[in-house]
Amino acid sequence: MTKALVPTMGALHGGHLALIDRARELADEVVVSIFVNPTQFGAGDDFDRYPRTLDADRELIADRAEIFVPSIDEVYTPGQPPDAIDAGARGDMWEGASRSGHFDAVLTVVNRLFDMTQPGIAVFGEKDWQQLALVRSMAAERHPNIRVVGVPTVRDNDGLAMSSRNRYLSAAERETAALIPVALNDIVAEAGSAESVARARQKLEQSGIDVDYLAVIDPVSLNEVGPNAPARVVIAARVGATRLIDNMRVRDLPKR
Ligand code: PAF
């Protein structure tokens, strides 16, 4: 009997359903955890307004998976310091550069969720590429019996990666945000060349998108890479008040 865990913060959408479907292919029992982890939100982040749609979430996955909604006191036992995990140098890169401590908090809660649910498989979206890379390392070290599975990003018809935060976008912002996957596709089509990255960044900024980072990186070390190495192109950008992240494969990863 194999159990798969799909850790989420709720506000479930088609991207989560793809994770659940993959989990169902791989395991006999699928548990979807819903926990909006306060510690992974920074001071200026959207913890207070993060969408909480528990009834709709329950309905959406009712016939697909069990749901696990731990309370804050179950996750972080009052009076007991959590088993805090340091994400290391890779946790300070890209997302971590502007969200200090974010990945320490993500790994700490994922480790706790693993301990609480004891899965054989854990399924994460490739949309949060850096998170996936860090969770893989944490699991290899602390939970060698858990197989971490990444699932390709699901996109809406306009190409935008599905995200719980897309609901913050106005109609006009949504149109602008759809330029992000176009830019990534352009970079992929040009094999991740430095010129293509510079051109894409300029186009996005001319459209009013505030690019935080846009880089072609090694999928595991997360360092910037030149031509011929396996690579992903990663981006974080603000459209209006909404910060979006996305990434695409530029060149293949070695098989794992
Ligand atoms: O990707 C998310 O939804 C969260 O970072 C996670 C993995 C559920 C940890 O809170």
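Our structure is the block above this text.
Quick caveat, the model's predicted, so the values are computed rather than measured. (Residues numbered from 1 in each chain as written. Predicted model: local features only at pLDDT ≥ 70, side-chain atom pairs only at ≥ 80, totals over all residues. Heavy atoms only, no water.)

A. Main features of the side chain of K127. Among the secondary structure elements, K127 is positioned in the loop between β4 (121–125) and α6 (129–142). Of the side chains with opposite charge, D128 comes closest to the buried, unpaired K127, at an N-O distance of 4.2 Å. Filtering out sequence-adjacent residues up to four positions away, K127 remains in contact with T153, A161, M162, S163, I245 and N247. (Helix = DSSP H or I, 4+ residues; strand = E, 2+ residues; numbered from the N terminus. Buried < 20%, exposed > 50% of the residue type's maximum accessible area, 1.4 Å probe, protein only. Lys, Arg positive; Asp, Glu negative; His and termini not counted. Salt bridge = Lys/Arg side-chain N within 4 Å of Asp/Glu carboxyl O. Contact = heavy atoms within 4.5 Å.)

B. Fine view of the site of the ligand. Neighbouring the ligand are the residues P7, T8, M9, N37, Q40, V109, V110, F124 and Q131. Within the side chain of Q40, an N or O atom sits 2.6 Å from an oxygen atom of the ligand. Take Q131: an N or O atom from its side chain is 2.7 Å from an oxygen atom of the ligand. Relative to its unbound accessible area of 290 Å², the ligand is 89% covered by the protein chains. Contributing elements (two or more residues each) for the shell around the ligand: β1 (3–8) and α5 (102–117). Looking at the shell around the ligand residue by residue, the class counts come to five nonpolar, four polar and no charged. (Near = heavy atom within 4 Å. Polar contact = N/O pair within 3.5 Å; in protein donor to acceptor, adjacent residues only side chain to side chain. Areas by Shrake-Rupley, 256 points an atom, 1.4 Å probe, with all protein chains shown as cover. Nonpolar A, V, L, I, M, F, W, Y, C, P; charged D, E, K, R; others polar.)

C. Main features of the packing of helix α8 (residues 179–189) against helix α9 (residues 194–206). Contact pair α8 / α9: the axes reach a minimum separation of 9 Å and the direction vectors enclose 165°. In terms of orientation, α8 and α9 fall into the roughly antiparallel class. In the packing of α8 onto α9, the handedness of the crossing is right-handed. For the pair α8 and α9, contact is made by L179, I180, A183, D186 and I187 and by S196, V197, A200, K203 and L204, respectively. The residue makeup of the contact of α8 with α9, split by class, is seven nonpolar, one polar and two charged. (Axes fitted to C-alpha atoms, helices over the stretch in contact; angles between N-to-C directions. Parallel < 35°, antiparallel > 145°, perpendicular 65-115°, else oblique. Left-handed = near helix turned anticlockwise from the far one by under 90°.)

D. Expanded view of the sheet that holds strand β7 (residues 231–239). Across the sheet, which stays open at both edges, the three strands sit in the order β6-β7-β8 with antiparallel pairing between neighbours. Looking at strand neighbours, the two that pair on one side only are β6 (210–217) and β8 (242–251), the edges of this open sheet. In this sheet, neighbouring strand axes are inclined to one another by 10° on average, regardless of whether the strands run parallel or antiparallel. Contacts from α8 reach β6, β7 and β8 within the one sheet, and its direction differs from that of β8 by about 20°. (Pairing = 2+ DSSP bridges.)

E. Seen up close, the sheet that holds strand β5 (residues 147–151). The sheet built from five strands is open, its strands ordered β3-β2-β1-β4-β5 with parallel pairing. The sheet is open, and its two borders are formed by β3 (66–68) and β5, each paired with just one other strand. Direction aside, the axes of adjacent strands within the sheet are offset by 30° on average. Pairing of β1 with β4, which is carried by two bridges, proceeds in the parallel orientation. The partner of A4 across the bridge, within β4, is I121. Contacting β1, β2 (29–34), β4 and β5, helix α1 (residues 14–26) crosses the sheet at an angle of about 135° to β5. The strands touched by α6 within the sheet are β4 and β5, with β5 carrying the most contacts at an inclination of about 170°.

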